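An overview of the molecular structure
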Amino acid sequence: MSTIKIPQNGLPQEIANIPSGQVIVLTDPNQGITSKTIKTVEFIHSVARKLDQKRHIVNSLPVDAAGLWGCVICKVKTDDGVQILVSDWDSLLEMLCDFWGLDYEEVSKIPDIIPGWHKTHKGVTIGGVSHPVRIPLKPLEGNEPVKDDYGITLQLIQPHTKTDELLGIKKAIQNSFYHNLDISIDDIINLYEEVKRSIKTYHLDIHIDRDESGKISCCDISLKDNFGKLYPLKQIEHQKEKHLEPQIMAFYLTFILFKEGKRPLDVNKDDFYETLFKIQSQLPYRFRKPDKDHLFWNVYSKKSVIRKSIWDATHDSYAQEQFSIDGYSDDVFKVAGATDEDREKIKKEFGLE
């Protein structure tokens, strides 16, 4: 029986954005890497050695969708286009064969292709009714295509153009005539004015207090809407709110500073790391020096926390899209809604050039 449970509203964006050439184990962000995660990674490496597959990368990625915890994913190119493959333990070997371009039926006949632990402790299996789930991706439509610019229709940052939105309005007006809905010009104008009055826009509100010695005693990050309401960004653990952890807050502030964004693979470079360290070392609460060698592994978990905190505060997908650490592809992540004024404030408060 398959244990794969695809969310009703589609795969999370970070799954759509995974790079090609990697096999990724999905984890619970509240538990991190478990013994099952380790056994899954060990299995993938074991099979890769037996099949002489030297070029592969195994990674982990925390996701909020509970039905995907423990699943393994990869991106493949097929005759029908680019697809995301999602597997559980009963379909993992079949997924790996597809990923490496091998014949699953032939590979499954290899003696001891399944390591002993998985045979004796009900781990990875061969055969059965479970098969990898295939999620087709399609190129995003836009004026400026991005390298590897593929995405899942739902939960993905989409480019918005005046032409596209007017076409949507045109379709609604056409439906009014087709179905005799008697929608008048006055109805449309009244609706336009109603939406205009109620629409929310947001900007960052970074509030810093200092003690008598000049050290930062409090750092709060909120979103503030055009009606003046504040939405503090918090973490919720065990149904209790708390401040964003220093490293998460430092990650967020550092990404804001990079106006053009940053590739996840480059976060351990000196410019990003040194900025992150300078910010985090000045924050109150608990300080732990960030591990430069593991920054890449932390990007997805940290951005997931930020994304969730924005949703918990605002319940607004527009706010989440604009102020999460996100992007149109896995090449570059950035905080799209941050302004030059936000960057200048961070530089001034933390003594950055």
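Up top is the structure these notes are about.
Presented here is an overview of the structure given in this document. These figures come from a predicted structure and were not determined experimentally. (Residues numbered from 1 in each chain as written. Predicted model: local features only at pLDDT ≥ 70, side-chain atom pairs only at ≥ 80, totals over all residues. Heavy atoms only, no water.)

Our focus in this paragraph is helix H9 (residues 270-280). Along H9, the residues that are buried comprise Phe 272, Tyr 273, Thr 275, Leu 276, Ile 279 and Gln 280. One face of H9 carries all of its buried residues, which in axial projection span an arc of 165 degrees. (Buried < 20%, exposed > 50% of the residue type's maximum accessible area, 1.4 Å probe, protein only. Helix = DSSP H or I, 4+ residues; strand = E, 2+ residues; numbered from the N terminus. Arc of directions from axis to C-beta.)

Let's shift gears to the sheet that holds strand E9 (residues 216-225). What the three strands build is an open sheet, ordered E8-E9-E10; its pairing is antiparallel. Unpaired on one side and paired on the other, strand E8 (202-210) and strand E10 (230-232) mark the two borders of the sheet. Across the sheet, the mean angle from the axis of one strand to that of its neighbour is 35 degrees, orientation sign disregarded. Bridge analysis of E8 against E9 gives nine bridges, and the strand direction is antiparallel. When the sheet's bridge partners are listed, Leu 204 is paired in E9 with Leu 223. Along the sheet, helix H8 (residues 246-257) makes contact with E8 and E9, crossing E9 at roughly 60 degrees. (Pairing = 2+ DSSP bridges. Axes fitted to C-alpha atoms, helices over the stretch in contact; angles between N-to-C directions. Contact = heavy atoms within 4.5 Å.)

Quick look at the packing of aromatic side chains now. For the structure on display, the rule yields six aromatic pairs. Geometrically, the ring pair formed by Phe 255 and Phe 272 is edge-to-face, given 5.1 Å between the ring centres and 65 degrees between the ring planes. Taken together, the positions of Phe 255 in helix H8 and Phe 272 in helix H9 put the pair 17 residues apart, joining distant regions of the chain. Of the two residues examined, Phe 255 and Phe 272, each falls in the buried class. Over the aromatic face of Trp 89 sits the side chain of Lys 36, whose NZ or CZ is 4.7 Å from the ring centroid. Its end group placed over the ring of Phe 333, Lys 303 keeps NZ or CZ at 4.8 Å from the ring centre. (Phe/Tyr/Trp six-rings, centres within 6.5 Å; stacked < 30°, edge-to-face > 60°. Lys NZ or Arg CZ within 6 Å of the ring centre and 35° of its normal.)

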